[in-house]
Amino acid sequence: MTDLTTAGAPARHRARFHDLTVADVERLTDESVAITFTVPPDLADEYVFEPGQHLTIRAVLGGEEVRQSYSICQSRATATATGTLRVAAARVPEGRMSTWLNDVVAPGDVLEVMTPLGSFTCAAAPDAARHHVAIAAGSGITPVMSLLTSALEEEPRSRATLLFGNRKTSTIMFLEELEDLKNRCPGRFHLVNVLSREAQDVELFSGRLDRERLERIFAALVPVASVDEWYLCGPFGLVTGAEALLQERGVDQHHIHHEIFHVDDGTEPKRKIVVDEAAPPEATVTVNLDGRTTVIPMPSREESILDATLRLRPDAPYSCTNGVCGTCRARLVAGQVRMDRNYSLEPEEVEAGIVLACQSHPVTDEVSLDYDA
Ligand code: FES
């Protein structure tokens, strides 16, 4: 191992954990809660976020470290005005973190919370008159709450439409807040609830929010040409299906923003492989992280660069280890890697050399990654 300390501060805020106190826990539905953290003034700069980003929470549960990302669900203006950050957590079957957050965590508890990350964002344009349309299902509403409320608050001439799929009324997260948003922004926010297990007066809104229903909603209510920015968030099938439909309709990929909450693409997430650390390296990876450079020998190219990095740099950021959350993103500055899967990075980010360390394997003998770039 070579470990060289280099001068110079990171070029941007690097992901790091801080202890934050829980200010409030609100039950949203039987199976979801919103958790509000107090952000101390001395950490306010580090927790500045773009609407659509998420926080990773780290906890030791059942004797094992667990990390999970939760999207911020409030507007940027509200977060700044109140000195808080609010995320929502829907209970996931057998999900240790979501069960703990739903059943155990209470005001006054102190949690380890990573600074905000994520590329499911769209830069605000205060003078623009844009139409923002979100297609979301279930807990996929969480980042959309932040995206749409921020857009409506920061762009007074813009409007927003939410096509929101749920099973029934009682499972709709943020139902009251969405109704409030309609009242606060008369004529600028249009909410379409589509329920799969509860009949509604309008047949178009009863059933699954699938491709066929989206096509009918576009034809009746939301002409595709009227939309400037699209936000897709929810299960894999909804997001990929809606994205394919929009591409067929000629929507520019740069205006389709997406985030997948559950990957069920038929592939198994790769398991961590066991390596012989004493074996001669098949490749060498140099990482720059938080202004410090570390050279990491990799006994096997089958191991992910993240797993190899964590042996020597346990401070390397990660959360899902599944190619979804983007927490492990870094810039490839030398060499070549291959990624197993990528459900996080936009095409232009990949073109710019951004990779997901948890999915990357060296192709060349020498690879350099910069987490700070
Ligand atoms: S840790 Fe989530 S994409 Fe790599």
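Just so you know, these numbers come straight off a predicted model, no measurement behind them.

**Points about the nonpolar core**
Point 1. Counting 28 residues, the largest nonpolar core has I135, L163, L214, F218 and W230 as its most contacted members.
Point 2. Elements supplying a minimum of two residues to this core: strand 8 (131-137), strand 10 (189-195), helix 5 (211-220), strand 11 (229-235), helix 6 (236-248) and strand 12 (256-262).
Point 3. Take this core: its biggest share by element is six residues, from helix 6.
Point 4. In contact with L163, not counting residues within four places along its chain, are A134, I135, A136, V192, L209, L214, I217, F218 and V222.
Point 5. Grouped together as the second largest cluster of nonpolar side chains are 26 residues, C122, L152, F164 and L178 included.

**Focus on the packing of helix 5 against helix 6**
Point 1. Interaxial distance between helix 5 and helix 6 falls to 10 Å at its minimum, and their mutual angle equals 45°. Between helix 5 and helix 6, the angle is such that the two are oblique. Regarding helix 5 and helix 6, the two cross each other, and that crossing is right-handed. Here R211, L214, E215 and F218 of helix 5 come into contact with helix 6, specifically with A242, L245, L246 and E248.
Point 2. Here the contact of helix 5 with helix 6 is built from residues that sort into five nonpolar, no polar and three charged.

**Describing helix 7 (residues 305-312)**
Point 1. By the criterion of burial, helix 7 is predominantly enclosed, with six of the eight residues buried.
Point 2. Restricting attention to buried positions, one finds in helix 7 the residues I305, L306, D307, A308, T309 and L310.
Point 3. Those residues of helix 7 hidden inside the fold are in contact with strand 13 (283-289), strand 14 (292-298), strand 16 (337-339), strand 18 (360-362) and strand 19 (366-370).

**Here we look at empty space enclosed by the protein**
Point 1. Under the definition given, this model contains three cavities of 30 Å³ or more.
Point 2. Reported here for the largest cavity is a volume of approximately 90 Å³.
Point 3. Sorting elements by how many residues they give to the lining of the largest cavity places helix 3 (residues 141-154) first, with four residues.
Point 4. In this structure, the lining of the largest cavity is formed jointly by two domains, domain 1 (10-114) and domain 2 (131-262), each of which donates at least three residues.

**Overview of the UniProt feature "domain: FAD-binding FR-type" (unreviewed entry) in the protein chain**
Point 1. UniProt's entry tags residues 15-123 with the feature "domain: FAD-binding FR-type" (unreviewed entry), counted in the numbering of this structure.
Point 2. The distance separating the terminal C-alpha atoms of residues 15-123 is 20 Å; by composition the span is 14% helix and 44% strand.

**Focus: the packing of aromatic side chains**
Point 1. As enumerated under the stated definition, the model contains three aromatic pairs in all.
Point 2. Judged by centre distance (6.4 Å) and plane angle (75°), the ring pair of F120 and Y231 falls under edge-to-face. Taken as a pair, F120 in the loop between strand 7 (110-114) and strand 8 and Y231 in strand 11 lie far apart in primary sequence, 111 residues in all.
Point 3. With relative accessibility at 1%, the residue F120 sits in the buried group.
Point 4. Relative accessible area serves as the criterion here: at 3%, Y231 is assigned to the buried category.
Point 5. With a centroid separation of 5.4 Å and 85° between ring planes, the pair formed by F236 and Y343 is classed as edge-to-face. With a gap of 107 residues between them, F236 in helix 6 and Y343 in the loop between strand 16 and helix 8 (347-351) connect regions that are remote in the sequence.

Procedures and definitions
- Along each chain, the written sequence defines residue order, and numbers are assigned to residues from 1.
- Given that this is a predicted model, residues contribute local features only at a pLDDT of at least 70 and side-chain atom pairs are listed and counted only at 80 or more, while totals for whole chains, interfaces and linings are drawn from all residues.
- The basis for every side-chain value is the complete set of non-hydrogen atoms in the structure, without hydrogens or water.
- Buried Ala, Val, Leu, Ile, Met, Phe, Trp, Tyr and Cys residues that are joined via side-chain atoms within 4.5 Å together make up what is termed a nonpolar core.
- The buried label applies to any residue whose accessible area, calculated with a 1.4 Å probe on protein chains only, is under 20% of its type's maximum; exposed applies above 50%, and partly exposed to all values in between.
- Here a strand is any run of E in DSSP of at least two residues, a helix any run of H or I of at least four, and the numbering for each starts at the N terminus.
- Contacts between residues were defined by any pair of non-hydrogen atoms, one from each residue, lying within 4.5 Å.
- To get an axis, fit a line to the C-alpha atoms, keeping to the stretch in contact for a helix; angles then go from 0 to 180 degrees between the N-to-C directions.
- These descriptions rest on fixed angle ranges, namely under 35 degrees for roughly parallel, over 145 for roughly antiparallel, 65 to 115 for roughly perpendicular, and the rest for oblique.
- By convention, the crossing between two helices is left-handed when the near helix turns anticlockwise from the far helix through less than a right angle, and right-handed when the turn is clockwise.
- Residues are sorted three ways: Asp, Glu, Lys and Arg are charged, Ala, Val, Leu, Ile, Met, Phe, Trp, Tyr, Cys and Pro are nonpolar, and all the rest, Gly among them, are polar.
- Here a cavity denotes grid points, spaced 1 Å and computed from the protein atoms alone, that fit a 1.4 Å probe unable to get out, and a pocket denotes an open set having protein on both sides within 12 Å along at least 5 of 7 lines; residues with an atom within 4 Å of a point are the lining.
- Grid points are joined across faces, edges and corners, and a volume is the space filled by probe spheres set on the points.
- Marked domain ranges trace back to an automatic or database domain assignment.
- UniProt positions are given in the numbering used here, feature names are shortened, and annotations may be inferred rather than shown by experiment.
- Within 6.5 Å between ring centres, the rings of Phe, Tyr and Trp (the latter by its six-membered ring) count as paired, and their orientation is classed by plane angle as stacked under 30 degrees, edge-to-face over 60, tilted in between.

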